Amino acid sequence: MFSLTRRRTAVAVLATVGLLVYGVLLFTRTGGLTAPVGLWILSVFSNGCAVAAARASRGRQRLAWTVLRIGLAAFAAGQAVWWYVAAGGIPPGAGISAADLGFIVLPICALATAVTIPSREDSRFGIGL
């Protein structure tokens, strides 16, 4: 059963307030950097959640969270590069930037995570997840 401790409640409240503030900023178009900065903050937060989940896990479940954590870290790095480009940094050449590498690593790691998630065998199909 899922129980909310004081710490979990505080994290849930902060995450909800942060998402609401980000949504308001995104839809009011207060600046050109709102989307890259907000997505970077969300990706760092999700990476922190994956780190906490990996620490609490064991075996194949820990491996799955670690693989997802690598993908989320790559996405956060890519978002930081995109933030720099959007702020007027070095423009990407030929429409491809270094941020794209981080954006490509996340779906690959997500697929690897889906493969490594421990699941029970389903006798109807003979396969797991």
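Residues numbered from 1 in each chain as written. Predicted model: local features only at pLDDT ≥ 70, side-chain atom pairs only at ≥ 80, totals over all residues. Heavy atoms only, no water.

Enquirer: Mind laying out the overall build of the protein chain, listing which residues take part and the relevant values?
Expert: The helix and strand inventory of the protein chain stands at 4 helices and 0 strands. Secondary structure elements of the protein chain occur, N-terminal to C-terminal, as α-α-α-α. Across the 129 residues that make up the protein chain, the buried fraction comes to 22%. In the protein chain, once contacts between residues fewer than 6 apart in sequence are set aside, the share between residues at least 24 apart is 57%. Put simply, the protein chain shows about 9200 Å² of open surface, and 71% of that area lies on carbon and sulfur atoms. (Helix = DSSP H or I, 4+ residues; strand = E, 2+ residues; numbered from the N terminus. Buried < 20%, exposed > 50% of the residue type's maximum accessible area, 1.4 Å probe, protein only. Contact = heavy atoms within 4.5 Å. Areas by Shrake-Rupley, 256 points an atom, 1.4 Å probe, with all protein chains shown as cover.)

Enquirer: Help me get a handle on the layout of surface pockets, residues and values and all.
Expert: Approximately 270 Å³ is the volume found for the largest pocket. Looking at the lining of the largest pocket, the elements that each hand over two or more residues are helix 1 (6–28) and helix 2 (34–56). Here the lining of the largest pocket gets 5 residues from one element, more than from any other, and that element is helix 2. Of the residues assigned to the lining of the largest pocket, the class counts are 5 nonpolar, 2 polar and 2 charged. (1 Å grid on protein atoms, 1.4 Å probe; cavity = no way out; pocket = protein on both sides within 12 Å on 5 of 7 lines; lining within 4 Å. Points joined across faces, edges and corners; volume = space filled by probe spheres on them. Nonpolar A, V, L, I, M, F, W, Y, C, P; charged D, E, K, R; others polar.)

Enquirer: So what about the confidence of the model for the protein chain? Which residues, and what values?
Expert: Of all residues in the protein chain, 78% attain a pLDDT of 70 or more, and the chain-wide mean is 77. Within the protein chain, the element-level pLDDT minimum falls on helix 1, averaging 74, and the maximum on helix 4 (residues 99–116), averaging 88. (pLDDT = per-residue confidence, 0-100.)

Enquirer: Now, about a nonpolar patch on the surface: what can you tell me, with residues and values included?
Expert: Judged by side-chain polarity, Val13, Val17 and Val21 come together as a nonpolar surface patch covering roughly 240 Å² of accessible area. Inspection of the secondary structure assignment puts Val17 in helix 1. Under the relative-accessibility criterion, Val17 is labelled partly exposed at 45%. (Patch = residues over 30% accessible without salt bridge, like charges linked within 9 Å, V, L, I, M, F, W, Y side chains within 5 Å. Salt bridge = Lys/Arg side-chain N within 4 Å of Asp/Glu carboxyl O.)

Enquirer: Can you break down the environment of Arg62 residue by residue, with the values?
Expert: Of note, Arg62 is situated in helix 3 (residues 59–86). The class for Arg62 is partly exposed, based on a relative accessible area of 38%. Separated by 11 residues in the primary sequence, Arg62 and Val51 have C-alpha atoms spaced 9.6 Å apart. If we ignore the near neighbours within four places in the chain, the residues touching Arg62 are Ala54, Arg55 and Ser57. A distance of 2.9 Å separates a polar atom in the side chain of Arg62 from the backbone oxygen of Ala54. (Polar contact = N/O pair within 3.5 Å; in protein donor to acceptor, adjacent residues only side chain to side chain.)

Enquirer: Any chance you could break down the packing of helix 3 against helix 4 for me, citing the residues and the numbers?
Expert: In the contact formed by helix 3 and helix 4, the axes pass within 7 Å of each other and the chain directions differ by 165 degrees. The orientation of helix 3 relative to helix 4 falls into the category roughly antiparallel. Here the hand of the crossing between helix 3 and helix 4 comes out left-handed. When grouped by side-chain class, the residues that make up the contact of helix 3 with helix 4 number 18 nonpolar, 6 polar and 1 charged. (Axes fitted to C-alpha atoms, helices over the stretch in contact; angles between N-to-C directions. Parallel < 35°, antiparallel > 145°, perpendicular 65-115°, else oblique. Left-handed = near helix turned anticlockwise from the far one by under 90°.)

Enquirer: Tell me what's going on with the packing of aromatic side chains, and back it up with residues and numbers.
Expert: For the structure shown, the criterion picks out 1 aromatic pair. Both rings, one in Phe75 and one in Phe103, keep their centres 5.2 Å apart while their planes meet at 50 degrees; by these two values the pair is tilted. Residue Phe75 is found in helix 3, and its partner Phe103 is found in helix 4; the two are separated by 28 residues along the sequence. (Phe/Tyr/Trp six-rings, centres within 6.5 Å; stacked < 30°, edge-to-face > 60°.)

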